[in-house]
Amino acid sequence: MEIHEEAWNAYPYCKTVISNPGYMKDNFFIIIESLHLPDKGDKQNVHELPPDKLKLREVIMVDIASDPITSSDYKLSEDPNRYESETTGRGPLTGKWISRADPVMTCYKLVTVEFKWFGLQTRVENFIQRAERRLFTNFHRQVFCWIDRWHGMSLEDIRTLEERVREDLDRARRTGEVRGMRAETD
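Here goes a summary of the coordinates provided.

What counts, and at which threshold
- Residues numbered from 1 in each chain as written.
- Predicted model: local features only at pLDDT ≥ 70, side-chain atom pairs only at ≥ 80, totals over all residues.
- Heavy atoms only, no water.
- Helix = DSSP H or I, 4+ residues; strand = E, 2+ residues; numbered from the N terminus.
- Buried < 20%, exposed > 50% of the residue type's maximum accessible area, 1.4 Å probe, protein only.
- Contact = heavy atoms within 4.5 Å.
- Areas by Shrake-Rupley, 256 points an atom, 1.4 Å probe, with all protein chains shown as cover.
- Lys, Arg positive; Asp, Glu negative; His and termini not counted.
- Charge placed at Lys NZ, Arg CZ, Asp CG, Glu CD.
- Core = buried A, V, L, I, M, F, W, Y, C linked by side-chain atoms within 4.5 Å.
- Patch = residues over 30% accessible without salt bridge, like charges linked within 9 Å, V, L, I, M, F, W, Y side chains within 5 Å.
- Salt bridge = Lys/Arg side-chain N within 4 Å of Asp/Glu carboxyl O.

## Topic: the overall build of the protein chain
When helices and strands are tallied, the protein chain shows five helices and four strands. In terms of its C-alpha atoms, the protein chain occupies a principal-axis envelope of roughly 50 × 45 × 35 Å. Of all 186 residues assigned to the protein chain, the portion counted as buried reaches 26%. Within the protein chain, residue pairs in contact and separated by at least 24 positions form 61% of the contacts whose partners lie at least 6 positions apart. With the model as given, the accessible surface of the protein chain reaches about 13,800 Å², and the carbon-plus-sulfur share is 54%. Taken as two groups, the 28 positive and 32 negative side-chain charges of the protein chain have centres that lie 3 Å from each other.

## Regarding the environment of P12
Its place among the elements puts P12 in the loop between β1 (4–10) and β2 (13–20). Using a relative accessible area of 35% as the deciding quantity, one classes P12 as partly exposed.

## Looking at the nonpolar core
Ranked by size, the top nonpolar core spans ten residues in total: I18, M24, F28, I30, I32, V111, V113, F115, I128 and F136. Among the elements of the structure, β3 (25–37), β4 (106–115) and α3 (121–145) are those that each provide at least two residues to this core. When sequence neighbours within four positions are dropped, the list of residues in contact with F28 reads I3, I18, S19, N20, E114, F115 and I128.

## What to know about a nonpolar patch on the surface
Residues Y23, W117 and L120 make up a contiguous nonpolar surface patch of roughly 330 Å² in combined accessible area. Structurally, the position occupied by L120 is in the loop between β4 and α3. Its relative accessible area of 36% is what places L120 among the partly exposed residues.

## A closer look at the side chain of D79
In this fold, D79 is placed in the loop between α1 (51–56) and α2 (97–100). Residue classification places D79 among the buried positions, given a relative accessible area of 6%. Discounting chain neighbours no more than four positions away, the residues touching D79 are Y74, R141 and C145.

Now the structure itself:
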């Protein structure tokens, strides 16, 4: 099975579309839209959903410091409750850290999943939504705990890093072993 991923980065807005055009065609897609805003997560409809979609939307606040994570995902070096940045002095994130954090940025994510397959649709769509939340939680924990690696980078530095990572990923896909997050069961 072949999965296609297309991504557009027009920061502060980013969009990723995952599909299977060869087999499931229009019956499967995941669309992840991200909007980064300098606030504490208090905006109600940043993706400007129409009323019919707004009624279906479920808002899930991801707290990188307090939300539970699986023991297989836990790494002491990526625990925002314990990490303190040497360059910025930020952290550890404890208690009601969100109300005290300054500066702060919220990454509003809209995840749309469609998996049209009779008898499996709801189960697979719910599974994907849970997996995306887990992925976002773990990724944003890492982003915070790796702050000393990226804080102070210029846009040119970031683009250079992105190119190096792209090359590393291409090389790993050609020659490396399969890596990544394993699915959690119900």
